[in-house]
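A closer look at the structure
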Amino acid sequence: MAEPSFDSMDYYKKDELLEVDHKPPRTSWMKTPVEFRPGTWIYPTKAKHLEYLGMPNPRDWSPTDEDWKLPDNWQEIIFNGMRERLDKYRSFKVFMDICVRCGACADKCHFFIGGGDPKNMPVLRAELIRSVYRKDFTTAGKLLGRMVGARKLTYDVIKEWFYYFYQCTECRRCSVFCPYGIDTAEITMMGRELLHELGLGVNWAMEPVANCFRTGNHLGIRPHGLKDTLEFFAEDIEEATGISIDIPMNKKGAEVLFITPSGDFLADPGTYTCMGYMALFHEIGLDYTWSTYASEGGNFGLFTSHEMIKRLNAKMYAEAKRLGVKWILGGECGHMWRVVNQYMDTMNGPADFLEVPKSPITGTVFENAKSTKMVHIMEFIADLIKHGKLKLDASRNDHLKVTFHDSCNPARSMGILEEPRYVLKHVCNNFYEMPENTIREQTFCCGGGAGLGTDENMEMRLRGGLPRGSAVKHVQDKYGVNTLATMCAIDRATLQTVCDYWAPGVGVSGITEMVANAMIMKGEKKRKLNFRLEPVWGDPDEDEEG
Amino acid sequence: MKFIGSLVAVLLLVLLAYLGVGVAGLRELFGVVLPYVSVVVLLLGIVWRVLCWAKSPVPFKIPTTCGQEKSLPWIKQNKLDNPSNGLQVVGRMILEILFFRSLFRNTRMDFRGGEEKVVYGPSKWLWIGAIAFHYSFLVVFFRHLRFFSEPVPWLVKLTQDVDGFFQLGVPAFYITTFVFIGAVGYLLLRRLFIPQLRYISLVNDYFPLLLLLGIGTTGFFLRHLFKTDVVAIKELALGLVSFGPKAPVEASWLFYCHLFLVCVLFMYLPFSKIMHLAGVFLSPSRNMPNNNRAVRHVNPWNYPVKVHTYEEYEDEFREKMYAAGLPVEKTPEQAAAEKSAGDNGDDASSGTDNKE
């Protein structure tokens, strides 16, 4: 058998990864250069994607090269970029100034917990940029230098920024504990914006961005391809339930535009969640449509720059307007909801051509979404269940012992904590919470968010996934949990790896998948297969009828 | 090194006060000029810094949500950790500023490699230390108003009496004196002895703590170890606030040292991390309601960006869409006809979003 490569989880021995030393090294952090070890960094953006997007300084380069081929005036670019952002974002300016280095954030970061690198303590991650800020923008820093934590912007600083701002998943857990609410996500976003000014980014984020700009979704699925995909899902739904369902696409005049992350079109187990949406909408008779143009809920612009968030997000309202829908329904996704909740309306609104969302099934008016006009699928389903509009048989999920992973963004940039729990408790009988310091607003990242969920970054993903994995293992040992439910497409893609490594035997599932499996559909045949087409409710070959 | 440097700096300040008053007799400078200068620097400095921050807009509403948001009417909202209106934000800020809500959440990670377990326990020491320090400082500061007022307001007297409740020693020891010195000492020791904390600490962190410790100990000495002419000092204080100051000849150099360190603190404060006392009010992750989907937030510098319009998209994929039976705005024939009809016509899909 071939030796596993560094981008496979088998390459990493558990006991070696668990040997984490949280004590900092002897050399001061300013004098400890970054080491690009395979498994801890992500391939840089290919020039063609930057060119397509019209972003500065496209070129092919590698972090392991001595020379990163930075533009000649790179220092000036960073200086001007910082000044511009200090003037545009109060958050950035205040966060540069008020940290007291109390250290409360230090052991809150999953990468620090699982890796022990002191520069992954949120306070030090911010100091990476704060030190340059002090040198260039404060008098004390100019005069006293290192004593007061100021340092010159050198080539090594840029390398360090690239390494550590792509070892932050912008999960905001540290911000929950900071006495001043200093938000490392905000710092990392600024750091990445500055790096992009020099043409430094990661391909895992930027290829999806380029794809999304062109084809409407991160995966680059073209319109006819999306139609094929959804038709394929419909066939599976029919095989499982005996029910043939419609797939409304780009349908003008539909009441609702439904948008979900494209990960759900391609990668298991997200695909089953997608089938869940389709079955659900069919069952309740929702007048809705998919869009091929706005076929992405997620927004890797969030991992790139504020401008790119806006460029990609613009499709949602534009398409809602073109199709003449009344409101937008959004699927299970993490960072998509950060964008929808915190940026969309400000950037691309006001959506005055839409109506305040009203569930056509229950009549509930979603007052909390009266300005953005976009409702979260869990709010929508919770409302359906509350009004008794779904016929549910939770015992159909009895083979699952379920725990719930709060995704970072819905938890800490929105606060949608109860709806998914309410739904889960109605569609399964065995539900167990993970320890309290690992859920809700204190939830741990999957270790692969914010554009880091790629295999060449495997060591960091496993390390960053340790806190979550360890909590899953805890409920696995204690209650026999075998399913980790989550409402985020990146989670569905990355947590399976985390579970396979730290809590083998636990599978990952979307919530709507579980809803659809528990849902008794009108006219369904005797159910034997779930939406994964697994014979969980009896042998499908046995007695075809009665 | 950074600790030693800070210590030397504070000792130098003490020496300066000694040389200035004890040797050179510059009482006017240390007793009158510097106090006025430092208060002016303090006030103007704070205003200037806050204006500097306030000058930068808040383009997005980005509260860190720490509880259930306001959503469906039957789901209980956590109004203080995830506020949805101004009043609730005020509640959140009060909890944050007066009770250090976020710090109270603090946990301690315990890594048990062998068991593959990471566990988290509550960790309240930092919170206790911070609360003890800030509140004792406040009381000490408030107590000092007795020097600046005649008659002394009843609340100041009451504070003083409660603080000296145990009536131990002559003059009575104040509880807050010990709490203050103890808390500052704790904050300093944890910085020195927790390896991660020592690793991140700068002169910016050690210096203010040592300065405070210097102020605390000189104050303690003045009250309990050295004979201090309180009447003379009160005369000076009253003179300062009534703008008719006269530096007392009787007061010891130690008193001037105490005063000098306070002046340094005042002048240092606006340019240091101590500005967190004002900055916390301006922190967008705490001082904004999470009602984003209900109330639109306006970004003053929102600018048009290059987007990929539907027209451009359909132009690229029209044939395939049409062949797959997907609805299109223009059939391939229509598009071709348009193109041939007016090659000079409007190919208006410039790709620029004209909003705002």
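Remember, it's a predicted structure, so these values are computed and weren't measured experimentally.

1. Comments concerning the overall build of chain A
In terms of helices and strands, chain A carries 22 helices and seven strands. For chain A, whose C-alpha radius of gyration is 24 Å, the value lies close to the compact-globule estimate of 24 Å for 546 residues. When the 546 residues of chain A are sorted by exposure, 62% land in the buried category. Within chain A, counting contacts between residues at least 6 apart in sequence, those at least 24 apart form 76% of the total.

2. What about the overall build of chain B?
Tallying secondary structure elements over chain B gives 14 helices and two strands in all. Its C-alpha atoms give chain B principal-axis dimensions of roughly 100 × 55 × 45 Å. Sequence-distant contacts in chain B: of pairs separated by 6 or more residues, those separated by 24 or more amount to 64%.

3. A look at the domain arrangement of chain A
Buried accessible area, meaning the area lost when the parts come together, often serves as the stated size of an interface. All names here are of chain A. Domains assigned within chain A are domain 1 (25-201) and domain 2 (209-518). With centres defined by C-alpha atoms, the gap from domain 1 to domain 2 works out at 31 Å. Listed as interface residues are 26 residues of domain 1 and, on the opposing side, 26 residues of domain 2. Mapped onto the side of domain 1 that touches domain 2, the elements with two or more residues apiece are helix 2 (47-53), helix 5 (110-115), helix 9 (173-177) and helix 10 (184-197). Sorting elements by how many residues they give to the side of domain 1 that touches domain 2 places helix 5 first, with five residues.

4. Let's talk about the sheet that holds strand 1 (residues 256-259) of chain A
Strand pairs in the sheet, formed through backbone hydrogen bonds, run parallel or antiparallel to each other. All names here are of chain A. Within the open sheet, the four strands sit side by side as 2-1-3-4. Their pairing is parallel. The open sheet is flanked by strand 2 (288-289) and strand 4 (374-376), the only strands paired with a single partner. The pairing of strand 1 with strand 3 (residues 327-330) spans four bridges and is classified as parallel. Bridge pairing in strand 3 links Phe258 to Leu329. Strand contacts of helix 15 (residues 306-323): strand 1, strand 2 and strand 3, with the helix running at about 150 degrees to strand 1, the strand carrying the most contacts.

5. As for the sheet that holds strand 7 (residues 507-509) of chain A
Residue and element names in this part refer to chain A. Spatial ordering of the open sheet is given by 5-6-7, a layout of three strands whose pairing is parallel. The sheet is open, and its two borders are formed by strand 5 (402-405) and strand 7, each paired with just one other strand. Neighbour to neighbour, the strand axes of the sheet diverge by 30 degrees on average, direction disregarded. Sheet topology places strand 5 next to strand 6 (residues 483-486); four bridges connect them, and they run parallel. Across the sheet, residue Thr403 finds its bridge partner in strand 6, namely Leu484. Most of the contacts of helix 21 (residues 489-502) go to strand 6, to which it runs at about 155 degrees, and overall it touches strand 5, strand 6 and strand 7.

6. Considerations on the interface of chain B and chain A
Counting from both sides, the interface comprises 84 residues of chain B and, opposite them, 100 residues of chain A. Taken together, the elements giving at least two residues each to the side of chain B that touches chain A come down to helix 1 (2-23), helix 4 (101-104), strand 1 (107-112), strand 2 (117-122), helix 8 (195-200), helix 9 (203-224), helix 12 (276-279) and helix 13 (310-323) of chain B. Class assignment for the residues of the side of chain B that touches chain A results in 42 nonpolar, 25 polar and 17 charged.

7. Section: the domain arrangement of chain B
In terms of domains, chain B is made up of domain 1 (2-282) and domain 2 (310-356). Distance from the C-alpha centre of domain 1 of chain B to the C-alpha centre of domain 2 of chain B: 66 Å.

8. So, helix 16 (residues 335-348) of chain A
A turn of α-helix holds 3.6 residues, and therefore any two residues three or four places apart point the same way. All names here are of chain A. Taking 1.5 Å as the rise per residue, helix 16 with 14 residues should run 20 Å; its terminal C-alpha atoms sit only 17 Å apart, a clear shortfall. Roughly 45 degrees is the biggest bend found in helix 16, and it falls at Gln342. Burial analysis of helix 16 places 14 of its 14 residues in the buried class, which makes it a mostly covered element.

9. Remarks on the environment of Pro304 of chain B
Residues and elements named next belong to chain B. By secondary structure assignment, the location of Pro304 is in the loop between helix 12 and helix 13. Here Pro304 falls in the exposed class, since 12 other C-beta atoms lie within 10 Å of it. Taking the C-alpha atoms as reference points, Pro304 and Ile128, 176 residues apart in sequence, are found 49 Å from one another.

10. Here we look at the environment of Lys227 of chain B
Relative to the elements of secondary structure, Lys227 of chain B occurs in the loop between helix 9 and helix 10 (230-241). Separated by 86 residues in the primary sequence, Lys227 of chain B and Tyr313 of chain B place their C-alpha atoms 86 Å from one another.

11. Digging into the packing of helix 14 (residues 270-284) of chain A against helix 22 (residues 511-518) of chain A
Residue and element names in this part refer to chain A. Their axes nearest at 7 Å, the elements helix 14 and helix 22 cross at an angle of 50 degrees. Comparing the axis directions of helix 14 and helix 22 gives the class oblique. As helix 14 packs across helix 22, the resulting crossing turns out to be left-handed. Across from Tyr272, Thr273, Met275, Gly276, Tyr277, Ala279 and Leu280 in helix 14, the residues of helix 22 making contact are Thr512, Glu513, Val515 and Ala516. When grouped by side-chain class, the residues that make up the contact of helix 14 with helix 22 number seven nonpolar, three polar and one charged.

12. A word on the nonpolar core
If you look at the biggest cluster of nonpolar residues, it comprises 237 residues, and the most contacted ones within it are Val209, Leu424 and Val515 of chain A together with Phe260 of chain B. When residues of this core are assigned to their parent elements, the largest contribution, eleven residues, is made by helix 11 (residues 253-268) of chain B. Ignoring any residue separated from it by four or fewer positions in sequence, one finds Phe260 of chain B in contact with Leu13, Ala17, Phe30 and Leu34 of chain B.

13. Comments concerning helix 10 of chain A
Between its terminal C-alpha atoms helix 10 of chain A stretches 20 Å, which fits the 20 Å expected from 14 residues at 1.5 Å a residue. Within helix 10 of chain A, 14 of the 14 residues are buried, which leaves the element mostly enclosed by the surrounding structure.

14. Looking at the pairing of strand 3 of chain A
Residues and elements named next belong to chain A. Residue alternation in strand 3 divides its side chains into two sets, Trp327 and Leu329 and Ile328 and Gly330, and both sets are buried. Pairing analysis gives three bridges linking strand 3 to strand 4, with the strands arranged parallel. Paired with Gly330 across the bridge in strand 4 is His376. Tracing the backbone out of strand 3, into helix 16 and back to the parallel element strand 4 gives a crossover that is right-handed.

15. A short note on the environment of Gly301 of chain A
Residues and elements named next belong to chain A. By secondary structure assignment, the location of Gly301 is in the loop between strand 2 and helix 15. The exposure class of Gly301 is buried, given the 24 C-beta atoms found within 10 Å. Discounting residues that sit within four places of it in the chain, Gly301 has contacts with Val209, Met308, Ile309, Arg311, Leu312 and Asn313.

16. Re unusual backbone geometry
Here Gly349 of chain A and Pro350 of chain A are connected by a cis peptide whose omega angle stands at -5 degrees. Its place among the elements puts Pro350 of chain A in the loop between helix 16 and strand 4. Looking along the chain, the bond that leaves Glu150 of chain B and enters Pro151 of chain B is cis, with omega of 0 degrees. Of note, Pro151 of chain B is situated in the loop between helix 5 (125-143) and helix 6 (154-163). Within the chain, Phe100 of chain B stands out as a residue other than glycine whose phi angle is a positive 55 degrees. Judged by local crowding, Phe100 of chain B falls into the buried class, with 20 C-beta atoms found within 10 Å. Backbone geometry places Phe243 of chain B, a non-glycine residue, at a positive phi of 55 degrees. Checked against the element boundaries, Phe243 of chain B lands in the loop between helix 10 and helix 11. The exposed category is assigned to Phe243 of chain B, around which 7 C-beta atoms lie within 10 Å.

Conventions we followed
- Residues numbered from 1 in each chain as written.
- Chains lettered and ligands numbered in written order.
- Predicted model: local features only at pLDDT ≥ 70, side-chain atom pairs only at ≥ 80, totals over all residues.
- Helix = DSSP H or I, 4+ residues; strand = E, 2+ residues; numbered from the N terminus.
- Rg over C-alpha atoms; globule rule 2.2 N^0.38 Å.
- Buried ≥ 20, exposed ≤ 12 C-beta atoms within 10 Å, placed from the backbone.
- Contact = placed C-beta atoms within 7 Å.
- Domains from an automatic or database assignment.
- Pairing = 2+ DSSP bridges.
- Axes fitted to C-alpha atoms, helices over the stretch in contact; angles between N-to-C directions.
- Nonpolar A, V, L, I, M, F, W, Y, C, P; charged D, E, K, R; others polar.
- Expected span 1.5 Å × (residues − 1).
- Bend = angle between axes of the 7 residues up to and from the residue.
- Parallel < 35°, antiparallel > 145°, perpendicular 65-115°, else oblique.
- Left-handed = near helix turned anticlockwise from the far one by under 90°.
- Core = buried A, V, L, I, M, F, W, Y, C linked by C-beta atoms within 7 Å.
- Right-handed = clockwise from strand over helix to strand, strands pointing away.

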